[in-house]
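Here is how the chains run, residue by residue.
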Amino acid sequence: MSLPRKLQYSLAINEALHQMMEKDEDVFLIGQGVKSPWYVGNTANDLLDRFGEARVVDTPVSENGITGAAVGAAIAGMKPVVIHPRMDFMFFAMDPIINEAANWFYMNGGRTSVPVVFWGIINRCGEQAAQHSQAIHGMFAHVPGLKVVMPATAYDAKGLMIAAIQDPNPVVFVDERMLYGLEEPVPKEMYSVEIGKGLIRREGKDATVVAVSLMVHEAVKAADILAAEGVEVEVIDLRTVKPLDRELILNSVKKTGRLVIADVGWQSFGISGEIAALVAERALDALKAPVVRVALPDCPAPASINLEKAYYPTAEDIVLAVGKLL
Amino acid sequence: MDYPKDLLQQLYRMMVRIRLCEESFVEPILSREIHTPCHLYSGEEAVAVGLCSALSSTDYVFGNHRSHGHFLAKGGSMKAMMAEIYCRDSGCSRGRGGSMHLIAPDVGMLGSAPIVAGTISLAVGAALASSIRRDRRVAVSFFGDGAVGEGVFYESLNFAALKKLPVIFACENNLYATHMPVRECRVNRPIFRIAESFGIETCSVDGNDVLQVYEAGRKAVESCREDSGPVFMEFMTYRFRGHVGPDDNIQGTHTDIRPKEEITLWLAKDPIKRFEQYLTENKYMDEDGLQYVKNEVMAEVQEARMFAKNSPIPEREELTKYVFA
């Protein structure tokens, strides 16, 4: 038997786009920099040559107008993927994303769905400062009518992109530039990862760490460190932020009695608070210790690398957090 | 210009349908039978009717907050609209949208929404879909003079011009953005000139003359179908009623500061009266014929209203029926 094929996280996204654009003529890619690896890395490799300018649409810098155009095309029956090479740029596009796309199906009594993918890349670190580093998945998850997915692995990057494109409703696909180089087994054939389902990345009985995106990798590292000390940590990879896989979280917490939440976003009013509230509402009796959150401090992203080190939590912070619970 | 009598009668009937429908809301709004904010289209009928008559049912329209007229002119059902305005489950948006969210995808009315300028980019997107599929459909975006204050308007003009998209930007300039006269919103230059600077074909049209609108609309649609890129049309018109509801002043907000002389001047340019005069002078219809249409439409309006009032309201249990995430 040959070894499974390995592929970079970013090329897994690229493969998803190739396969979906090949399969379905209604799928197209639009956004700032789709011709430029400087913006989108190698995620758009060879798409332009293969599918032409009509379906691989590089655009002027007009996030609001272009995102609205993607939403309008989706209302007219296409399946656009609109890319924002830095999530920060999506603030200009909040109106078409939230007022229009998220509300459209409900406010029109289910007459038309909006099959659009809003793709935003988190670009943490690199001394890029406050407007080139933000992770705003929690804001999107707050809004009824948006699904939010955040792949941590190359396998999920491909499977969730395919699922997002196939979904009849708006999906915010949030990936992380820091993961683009990750090489992992990715099947060549087309497959999708179910939206709304998390996964236990590592089983354990002493504490649960619910993590998302890049923090899944930090959580697994932390679990390795703690295993050496005889502590068995269960790591949950959310994969989808919304709809949240509530049962997976609750079952794990009922088993371990301890919960750490590791998010790539800010601590206050974000997804870590939502998960803590879920457990408080439905599994309080199971908790043997308070919930601990490992997330970004309530502070804009700094530039200086020294401040970045203080800003971004790592496996070490998760180890300390679990340590507090035992 | 010689027009087929059928077409002229259709234009007339549709304008009357919109007017009588709109005016039928006045009493129920004042008596609080209708609560949803209604931005009445009375006075602007020639724009929607003239332009939509130049479209086919597979072409696309996006509207704004004042879209009762766009909906009907594009072929939407009066009963479905009336029921939506009464927020009933039989409404076009199942009582979830109200007056400002009218949709009829089967006739190309893709939706309307009250975020000012919010649907301009959506219409550009529908035109982009048409251009990718090469199915020759044209998209129309209806918006008011107030919308040209929004940034997305400019982004949309630029992108549509750049990609030569088959979209018609239909600016209904009724001289007011809610309470604010256009002269207080921008320097005194015609709005259509803005589009010229993006390399877009433009025209300014008397929006109270249905035949002028229809003629200009036909040219614009033809140009879009020939892949000549977008067209910007500015329609000069006037709303007979308040920004929202029958009369801002009667309803207590006292925000309608429009001078009486101005209102009188525009009432004299009533697009329906003007067209009636044209029809009778050119012997396409006589007074009896006009009255016959009005009677028929009045019966239709009353039937639609009864349908709406007798329709069930959405059930509490179905609050989240259309929620998927």
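For every chain, the first residue of the written sequence is number 1, and numbering continues from 1 onward in sequence order. Whichever chain is written first is A, and whichever ligand is written first is 1; the rest continue in order. pLDDT decides what is reported in this predicted model: residues at 70 or higher carry local features, side-chain atom pairs at 80 or more are listed and counted, and totals for whole chains, interfaces and linings draw on all residues regardless.

**Student:** What exactly am I supposed to notice about the overall build of chain A here?
**Tutor:** Secondary structure elements are defined from DSSP: runs of H or I of at least 4 residues count as helices, runs of E of at least 2 residues count as strands, and each element is numbered from the N terminus. What chain A contains, in helices and strands, is twelve helices and 14 strands. Its C-alpha atoms give chain A principal-axis dimensions of about 60 × 50 × 45 Å. Between the buried cut of 20 or more and the exposed cut of 12 or fewer other C-beta atoms within 10 Å of a residue's own C-beta lies the partly exposed class, and all C-beta atoms are placed from the backbone. Taking all 326 residues of chain A together, 57% fall into the buried category. The contacts of chain A with a sequence gap of at least 6 include a subset with a gap of at least 24, amounting to 80%. By definition, residue pairs are in contact when their C-beta atoms, positioned from the backbone, come within 7 Å.

**Student:** Just to check I follow, could you spell out the domain arrangement of chain A for this structure?
**Tutor:** For interface size, the figure often reported is the accessible area lost on association. Residues and elements named next belong to chain A. Note that domain bounds follow an automatic or database assignment of domains. Partitioning chain A into domains gives domain 1 (6–185) and domain 2 (199–325). The centre of domain 1, based on its C-alpha atoms, is set 26 Å off from the matching centre of domain 2. Contact residues are listed per partner, giving 24 residues for domain 1 and 24 residues for domain 2. Mapped by element, the contributors of at least two residues to the side of domain 1 that touches domain 2 are α6 (137–141), β6 (147–149) and α7 (154–166).

**Student:** Explain the sheet that holds strand β8 (residues 231–236) of chain B here, please?
**Tutor:** Adjacent strands of a sheet pair through backbone hydrogen bonds, lying either parallel or antiparallel. Residue and element names in this part refer to chain B. Ordered in space as β2-β1-β3-β4-β8-β7, the six strands form an open sheet in which the pairing is parallel. Each having just a single partner strand, β2 (109–112) and β7 (201–206) make up the two edges of the open sheet. Geometrically, the sheet is characterised by an average inter-axis angle of 15 degrees between neighbouring strands, direction not taken into account. Pairing between strands is defined by DSSP: at least two bridges between the two strands are required. Examined bridge by bridge, strand β1 (residues 60–63) and strand β3 (residues 139–144) share three bridges and lie parallel to one another. Bridge assignment links F62 to a residue of β3, and that residue is S141. Here an axis means a line fitted to C-alpha atoms, over the contact stretch when the element is a helix, while the angle between two N-to-C directions is reported on a 0 to 180 degree scale.

**Student:** What is the right way to look at helix α3 (residues 45–52) of chain B in this model?
**Tutor:** In terms of residue burial, α3 of chain B counts as a mostly covered element, since eight of its eight residues are buried. Among all positions of α3 of chain B, only E45, A46, V47, A48, V49, G50, L51 and C52 of chain B are buried.

**Student:** What should I look at first to understand the sheet that holds strand β10 (residues 207–211) of chain A in this one?
**Tutor:** Residue and element names in this part refer to chain A. Spatial ordering of the open sheet is given by β9-β11-β10-β13-β14, a layout of five strands whose pairing is mixed. Sheet topology places β9 (199–202) and β14 (292–296) at the edges, where each strand pairs with a single neighbour. Going from strand to strand, the sheet's axes swing by 25 degrees on average, the running direction of each strand aside. Where strand β13 (residues 259–266) lies against β14, four bridges are found, and the strand directions are parallel. Bridging from a neighbouring strand, A262 pairs with V294 of β14. Packing of helix α10 (residues 271–282) onto the sheet brings it into contact with β10, β13 and β14, and relative to β13 it is tilted by some 155 degrees.

**Student:** In this structure, what is going on with the interface of chain A and chain B? I would like to understand it.
**Tutor:** Each side of the interface is counted separately: chain A has 38 residues, and chain B has 33 residues. Among the secondary structure elements, those contributing two or more residues to the side of chain A that touches chain B are α4 (63–75) and α5 (94–107) of chain A. Tallying contributions element by element places α4 of chain A first for the side of chain A that touches chain B, with ten residues. Side-chain classes follow a simple rule in which Ala, Val, Leu, Ile, Met, Phe, Trp, Tyr, Cys and Pro form the nonpolar group, Asp, Glu, Lys and Arg form the charged group, and the remainder, Gly included, forms the polar group. In the side of chain A that touches chain B, the residues fall into 18 nonpolar, 14 polar and six charged.

**Student:** Explanation requested: the pairing of strand β2 (residues 27–31) of chain A in the structure shown.
**Tutor:** Strand residues, when the strand is regular, have side chains that alternate between the two faces of the sheet. Residues and elements named next belong to chain A. Counting buried positions along β2 gives five out of five residues, so the element sits mostly inside the fold. Residues V27, L29 and G31 point to one face of β2 and F28 and I30 to the other, with burial holding for every one of them. The pairing of β2 with strand β4 (residues 79–84) spans five bridges and is classified as parallel. Bridge pairing in β4 links L29 to V81.

**Student:** What is the right way to read the environment of A299 of chain B from this model?
**Tutor:** Tracing the chain through its elements places A299 of chain B in helix α12 (residues 287–310). Separated by 253 residues in sequence, A299 of chain B and A46 of chain B place their C-alpha atoms 22 Å apart.

**Student:** What's the story with unusual backbone geometry in this structure? I'm lost.
**Tutor:** Most peptide bonds take the trans configuration, and most residues that are not glycine carry a negative phi. Geometrically, the link from K242 of chain A to P243 of chain A is a cis peptide bond, its omega value of 0 degrees lying close to zero. By the secondary structure assignment, P243 of chain A is in the loop between β12 (240–242) and α9 (246–256). Although it is not a glycine, R136 of chain B sits at a positive phi angle of roughly 65 degrees. Considering the arrangement of structural elements, one finds R136 of chain B in the loop between α6 (120–133) and β3. In this structure R136 of chain B comes out as partly exposed when scored by C-beta crowding, with 15 C-beta atoms within 10 Å.

**Student:** How should I be thinking about the packing of α9 of chain A against α10 of chain A in this particular structure?
**Tutor:** When two helices pack together, their arrangement is given by the angle between the helix axes and by the axis-to-axis distance. Residue and element names in this part refer to chain A. At a closest axis distance of 10 Å, the pairing of α9 and α10 adopts a crossing angle of 65 degrees. In this structure, the crossing between α9 and α10 has a hand that is right-handed. Between α9, through R246, I249, L250 and V253, and α10, the contact on the second element is made entirely by I275, L278, V279 and R282. Residues belonging to the contact of α9 with α10 are distributed by class as follows: six nonpolar, no polar and two charged. Handedness of a helix crossing follows the sense of rotation of the near helix relative to the far helix, less than a right angle counterclockwise being left-handed and clockwise being right-handed.

**Student:** Can you help me understand the packing of helix α1 (residues 5–24) of chain B against α3 of chain B in this one?
**Tutor:** All names here are of chain B. Running from amino to carboxyl end, α1 crosses α3 at an angle of 140 degrees, the nearest separation of the two axes being 9 Å. Here α3 runs oblique to α1, going by the angle between their axes. For the pair α1 and α3, the crossing hand works out as right-handed. Within the contact between the two elements, α1 uses L11, M14, M15, I18 and R19 and α3 uses E45, A46, A48 and V49. Of the residues contributing to the contact of α1 with α3, the split by class is seven nonpolar, no polar and two charged. The scheme is simple: roughly parallel for angles under 35 degrees, roughly antiparallel for over 145, roughly perpendicular for 65 to 115, oblique for anything else.

**Student:** Would you explain the environment of M90 of chain A in this entry?
**Tutor:** Residues and elements named next belong to chain A. Here M90 is to be found in the loop between β4 and α5. Put simply, M90 and I275 are 185 residues apart on the chain and 25 Å apart in space, counted from C-alpha to C-alpha. Here M90 is in contact with E63, H84, G120 and I136, once residues within four sequence places are set aside.

**Student:** Got a minute to help me understand the environment of L29 of chain A in this structure?
**Tutor:** Residues and elements named next belong to chain A. Secondary-structure assignment places L29 in strand β2. Once the C-alpha coordinates of L29 and M107 are considered, the two residues, 78 residues apart in sequence, prove to be 27 Å apart. Non-local contacts of L29, meaning those with residues more than four positions away in its chain, are made with L17, V34, A44, L47, R55, V56, V57, V81 and I83.

**Student:** How do you make sense of the pairing of strand β5 (residues 117–122) of chain A when you look at a structure like this?
**Tutor:** Residues and elements named next belong to chain A. In terms of burial, β5 is largely enclosed, as six of its six residues are buried. Residues V117, W119 and I121 line one face of β5 and the alternating positions F118, G120 and I122 line the opposite face, and both faces are buried. Both β4 and β5 contribute to a ladder of four bridges, which runs parallel. By the bridge assignment, I83 is partnered in β5 with W119.

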